[in-house]
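# Chains, contacts and geometry: an overview
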Amino acid sequence: MLNEINNRLEDIFKFLEDDLELLENELKNRLLSITDNKIDLHNVFKYFFDIRGKRLRPILVLLSAGLVRKESSDLIQGNVIKAATVMELIHNSSLIHDDIIDESSHRRGQATLNHKFNNKIAVLAGDLLYSHAFLIMNKLNFSQVSGILSGCVEKMCRSEIKEIISPYSDFTEYIGLCDAKTADLMSACCKCGALISNAKKDEVTALGNFGTNFGIAYQLTDDFLDDEQPKSFDINLLLQAKIYGEKAKKNLAEFADNEYKKHLLNLVQYVTEKAESVKLEKDFNNEQNKQKELSS
């Protein structure tokens, strides 16, 4: 079952294969630009980017842009790729800073940047990625997009500070944290992709709402998979993830059916079904272990 679920993501990778290749080339070029051929600086960023994530944020940009695109041009395509690059840089910057705050030693199977080098280098590396991301966006000259991103980063940082000073105590505050630290950036990805493709106002709003609901569903399942169930109140993370996943699907109801819409919906299915599959596997293994203990 898990293989079938993972195939949903592989289908998206295949559908966006050409765009994702352009994204990787753009990221490599940006890496060279950031490091300015300084070998020590290059080694820091190359180490971090050698193990890549799923590129979910850029994928949201690409799928949202494609969903509303009425005309195709090299200029629009180039701007969409640059926007996708910006989102990946901002996301990775936040990961570097999160690892410092959480004093994490490993991410994606390797030592974190702060653990490999030190906190000082990691902080500055994260800051450099943030600043370079905004440099790219400002050169695109989309003031509305720049405003969305600035507000998103501010919200993300505020929520991190609030969580450290005063952790959430109820479900509403917990969902607010999920929104601020994860969903708002995913919403920004969808809105920015749509804006660059000259979407209508209601289309931008709908895709922004999709990104928010998808992002909350994603964070809920991520907390489940990382065994980070809230301790201060009782909540069924997977049930809530399904609820927000259904909200995300409804946000796309007014869009015409096409391949981009299909893959956005499949992205929701991938997130919610993968967590459910892992739960079933855990439950099965626990039951097997109980049977073994009873029979021994």
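Residues numbered from 1 in each chain as written. Predicted model: local features only at pLDDT ≥ 70, side-chain atom pairs only at ≥ 80, totals over all residues. Heavy atoms only, no water.

## Some points on the layout of surface pockets
The calculated volume of the largest pocket comes to roughly 1,300 Å³. Lining the largest pocket are 41 residues; nearest its centre among them are Leu-95, Asp-98, Arg-107, Gln-219 and Asp-222. Of all the elements in the fold, those that place two or more residues in the lining of the largest pocket are helix H4 (56–68), helix H5 (74–101), strand E1 (106–107), helix H8 (143–165), helix H9 (171–196), helix H10 (201–225) and helix H12 (259–295). Residues of the lining of the largest pocket, tallied by class, amount to 15 nonpolar, nine polar and 17 charged. (1 Å grid on protein atoms, 1.4 Å probe; cavity = no way out; pocket = protein on both sides within 12 Å on 5 of 7 lines; lining within 4 Å. Points joined across faces, edges and corners; volume = space filled by probe spheres on them. Helix = DSSP H or I, 4+ residues; strand = E, 2+ residues; numbered from the N terminus. Nonpolar A, V, L, I, M, F, W, Y, C, P; charged D, E, K, R; others polar.)

## Some words on the pattern of salt bridges
Scanning the model with the defined rule gives 12 salt bridges in all. Note that Glu-273 and Arg-8 form a salt bridge whose closest N and O atoms lie 3.2 Å from each other. Linking Glu-273 in helix H12 with Arg-8 in helix H1 (residues 2–15), this pair joins segments that are 265 residues apart in sequence. For Lys-155, the salt bridge goes to Asp-179, with nearest N and O atoms at 2.9 Å. Separated by 24 residues along the polypeptide, Lys-155 in helix H8 and Asp-179 in helix H9 bring together distant segments of the chain. Accessibility expressed as a relative area gives 26% for Lys-155, which makes it partly exposed. For Asp-179, a relative accessible area of 17% puts it in the buried group. Salt bridges sharing partners connect three or more residues here, namely Glu-24, Arg-55 and Glu-88. (Salt bridge = Lys/Arg side-chain N within 4 Å of Asp/Glu carboxyl O. Buried < 20%, exposed > 50% of the residue type's maximum accessible area, 1.4 Å probe, protein only.)

## As for the environment of Leu-264
Note that Leu-264 resides in helix H12. Residues Leu-264 and Phe-210, spaced 54 residues apart in sequence, show a C-alpha to C-alpha distance of 9.3 Å. Filtering out sequence-adjacent residues up to four positions away, Leu-264 remains in contact with Leu-60, Leu-63, Leu-67, Leu-207, Phe-210 and Leu-252. (Contact = heavy atoms within 4.5 Å.)

## Considering the packing of aromatic side chains
By the definition in use, this model includes six aromatic pairs. Judged by centre distance (5.2 Å) and plane angle (55°), the rings of Tyr-168 and Tyr-174 are tilted. Judged by its relative accessible area of 1%, Tyr-174 falls in the buried class. Ring plane angle 35° and centroid distance 6.5 Å describe the contact between Phe-214 and Tyr-218, whose orientation is recorded as tilted. You can see Phe-214 and its partner Tyr-218 sitting in helix H10, four residues apart, about one turn around the helix. By the burial criterion, Phe-214 is buried, and Tyr-218 matches it. Taken together, the ring pairs in this structure connect Tyr-168, Tyr-174 and Phe-233 into an aromatic cluster. (Phe/Tyr/Trp six-rings, centres within 6.5 Å; stacked < 30°, edge-to-face > 60°.)

## Quick notes on unusual backbone geometry
Residues other than glycine seldom take positive phi values, yet Arg-55 does so here, at roughly 65°. Among the structural elements, Arg-55 can be located in the loop between helix H3 (39–49) and H4.

## Concerning empty space enclosed by the protein
Space left empty within the atom packing is revealed by a probe, the size of a water molecule, rolled over the atoms. Under the defined criterion, the tally for this structure stands at one cavity of 30 Å³ or more. Counted as a void, the largest cavity has a volume near 60 Å³. In terms of lining, the largest cavity is formed by Tyr-47, Phe-48, Ile-51, Asp-99, Arg-107, Arg-108, Gln-110, Ala-111, Thr-112 and Leu-113. Mapped by element, the contributors of at least two residues to the lining of the largest cavity are H3 and strand E2 (110–111). Of the residues assigned to the lining of the largest cavity, the class counts are five nonpolar, two polar and three charged.

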